[in-house]
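Listed below are the residues making up each chain.
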Amino acid sequence: MAGSKLRRYVGQKVSVVRWRPPATHFGDTNTFLAGTWNDVENTVGVWHTPESEDDPVPVASLSHQGDISDIQYVTRDSFMVGSSTGAVRLYRHSAEGDLESINCWDKVHAFTTGPAPCTSLACSGEQIASVGEDGKLVIINPNQKKPARVLEGVGGCSLYAVMFVRTHEVLTSSMQGHLKLWDLRASQPAKGLLFSPDQVAVCNLAGHPTQQHLVAAGGEDGTLALWDMRNTAHPFTIIAAHNGPVCQVQFHPVAPEHLFTCGMDGQLLHWDASASAKPSHLSYKGTQDVSGGSVTVWLGSEVSRGATDTTCILQSPLPINSLDVEGATLIAGSDNEAIYVLGQLLKKRIDDMMY
């Protein structure tokens, strides 16, 4: 797992980092976005990582009203940004390399007394799902001026994370530890799941890149839970992960037997289950062979017994709020006003899959 590690101080607390999608299915990317929070003037900025092992270089930035809570790409050239003001905004990369604000859905999340922060976004084609502290699930079409649908949460509990399981199914998590699977073709949640009998908040959700039924959930108590959505009576396994709330969970998009988490304890952890994986016939970008291979390793008996190799690959003195991994490079953003770039991760594994 050894590789290069760069740190670039940016003078603002970094809340979100996201790689720009590659231009081709087998391509690499060297451009990413970074959003900030807890500043007088927050920004969403474009950064470039040079081919040489130099610090990332700022390319363009725009000021943003409120803290940036999430960033999700809709296409390679456009992306959505969630704000603590309750707004969701659509931006676009211009041909000149700058950023352009295209549309804004103001106050899609609000209390009766004022704005409610947007906490998480998810995209599936031209459907954008947004959740907020007002407990609402809002569906947005980037080509329409008004939200396509607003679904009220049962009990009015704040929602912390959202992800698409399928095109018409959205999974949300709440501050009370509930996971809810919403069928967008119906008016009410299809299923309600309980993450923790102690009502511990679920801070983040991540779907497996090829197995739609496999979901990882990061808890406020520092635990990592793995769910098999085909059997939702209880999590498949719950693992003690961090010494504080888990900020983000992500499967590697190409080698999903590897998983990454970051947290309020300032740690970025690499979870490696490849030792217990069967030989895999995955091709690049996760196209799977019918035999399944290593894609089901997270639901195996070895993982349930805790047989995963866990390594802290980054330690920050302050919380690491966000991470994103693409190919052999991982980026992370921290409250210590730094962006980290970790290179050469899993390089041999990825090269073997490409050639």
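Structure's up top.
Residues numbered from 1 in each chain as written. Predicted model: local features only at pLDDT ≥ 70, side-chain atom pairs only at ≥ 80, totals over all residues. Heavy atoms only, no water.

A. Geometry of the overall build of the protein. Within the protein, the regular secondary structure consists of two helices and 30 strands. Counting over 355 residues, the protein shows a buried share of 55%. The long-range fraction of contacts in the protein, counting pairs at least 24 apart against all pairs at least 6 apart in sequence, stands at 50%. Accessible surface for the protein amounts to roughly 15100 Å². Of this, 48% is attributable to carbon and sulfur atoms. (Helix = DSSP H or I, 4+ residues; strand = E, 2+ residues; numbered from the N terminus. Buried < 20%, exposed > 50% of the residue type's maximum accessible area, 1.4 Å probe, protein only. Contact = heavy atoms within 4.5 Å. Areas by Shrake-Rupley, 256 points an atom, 1.4 Å probe, with all protein chains shown as cover.)

B. Geometry of unusual backbone geometry. The backbone of N38 sits at a positive phi, close to 60°, despite the residue not being glycine. With respect to the helices, strands and loops of the structure, N38 is situated in the loop between β3 (31–37) and β4 (42–48). Of note in the backbone geometry, E337 takes a positive phi value of approximately 65° without being a glycine. Mapped onto the fold, E337 is located in the loop between β29 (329–334) and β30 (338–342).

C. A look at the side chain of S322. Among the secondary structure elements, S322 is positioned in strand β28 (residues 320–326). Take S322: its relative accessible area is 1%, and that puts it in the buried class. Within the structure, S322 has its side chain in polar contact with the backbone nitrogen of V17 (distance 3.1 Å). (Polar contact = N/O pair within 3.5 Å; in protein donor to acceptor, adjacent residues only side chain to side chain.)

D. Geometry of the packing of aromatic side chains. Inspection of the entire model under this criterion finds five aromatic pairs. A centroid spacing of 6.3 Å and a plane angle of 10° characterise the contact between F32 and W47, whose relative ring orientation is stacked. Separated by 15 residues along the polypeptide, F32 in strand β3 and W47 in strand β4 bring together distant segments of the chain. Look at F79 and Y91: their rings are 5.5 Å apart centre to centre, the planes differ by 20°, and that puts the pair in the stacked class. Of the two residues, F79 sits in strand β7 (residues 78–83) while Y91 sits in strand β8 (residues 88–93), which places them twelve residues apart along the sequence. (Phe/Tyr/Trp six-rings, centres within 6.5 Å; stacked < 30°, edge-to-face > 60°.)

E. View of the pattern of salt bridges. In total, this model carries six salt bridges according to the counting rule given. For R18, the salt bridge goes to D70, with nearest N and O atoms at 3.0 Å. Highlighted residues: R18 in strand β2 (residues 13–19) and D70 in strand β6 (residues 68–73), separated in sequence by 52 residues. Exposure remark for R18: the relative accessible area of 12% places this residue in the buried category. Owing to a relative accessible area of 6%, D70 belongs among the buried residues under this scheme. Of the charged contacts in the structure, one is a salt bridge between R20 and D77, with a shortest N-O distance of 2.5 Å. Highlighted residues: R20 in the loop between β2 and β3 and D77 in the loop between β6 and β7, separated in sequence by 57 residues. Given a relative accessible area of 14%, R20 falls into the buried group. (Salt bridge = Lys/Arg side-chain N within 4 Å of Asp/Glu carboxyl O.)

F. A look at the sheet that holds strand β5 (residues 57–64). Here four strands make up an open sheet; going across it, the order is β2-β3-β4-β5 and the pairing antiparallel. Lying at the two open borders of the sheet, with one neighbouring strand each, are β2 and β5. Each adjacent strand pair in this sheet contributes to an overall mean axis angle of 20°, direction not counted. Pairing analysis gives seven bridges linking β4 to β5, with the strands arranged antiparallel. Note that in β5 the partner of V44 across the bridge is L62. (Pairing = 2+ DSSP bridges. Axes fitted to C-alpha atoms, helices over the stretch in contact; angles between N-to-C directions.)

G. Here's a closer look at the nonpolar core. Within the largest apolar cluster, 18 residues are counted, with the highest numbers of intra-cluster contacts made by A216, L224, V249, F251, L259, W271 and W298. Mapped onto this core, the elements with two or more residues apiece are β21 (214–219), β22 (223–228), β24 (246–251) and β26 (267–272). In terms of residues, this core owes the most to one element, β24, which gives three residues. Apart from residues no more than four positions distant in its own chain, L224 is found in contact with A216, A217, T237, I238, I239, A241, V249, L259, T261 and W271. One finds C262, I313, L330 and L345 within the second-largest nonpolar core, a separate group that totals 17 residues. (Core = buried A, V, L, I, M, F, W, Y, C linked by side-chain atoms within 4.5 Å.)

H. Spatial organisation of the sheet that holds strand β9 (residues 99–105). One open sheet holds the four strands; their spatial order is β6-β7-β8-β9, and the pairing between them is antiparallel. Of all the strands in the sheet, the pair left with one neighbour each is β6 and β9. Pairwise comparison of adjacent strand axes, ignoring direction, gives a mean angle of 25° for this sheet. As paired elements, β7 and β8 share five bridges and run antiparallel to each other. Bridge pairing in β8 places M80 opposite L90.

I. Seen up close, the pairing of strand β20 (residues 202–207). Relative to β21, β20 runs antiparallel, the two being bridged by five bridges. Residue pairing across strands places A206 opposite A216, the latter belonging to β21. The antiparallel hairpin formed by β20 and β21 contains six residues in its connecting segment.

J. Here's a closer look at the environment of L205. With respect to the secondary-structure elements, L205 resides in strand β20. Given the relative accessible area of 9%, L205 is considered buried. Linking L205 and L179, residues 26 residues apart in sequence, is a C-alpha distance of 9.7 Å.

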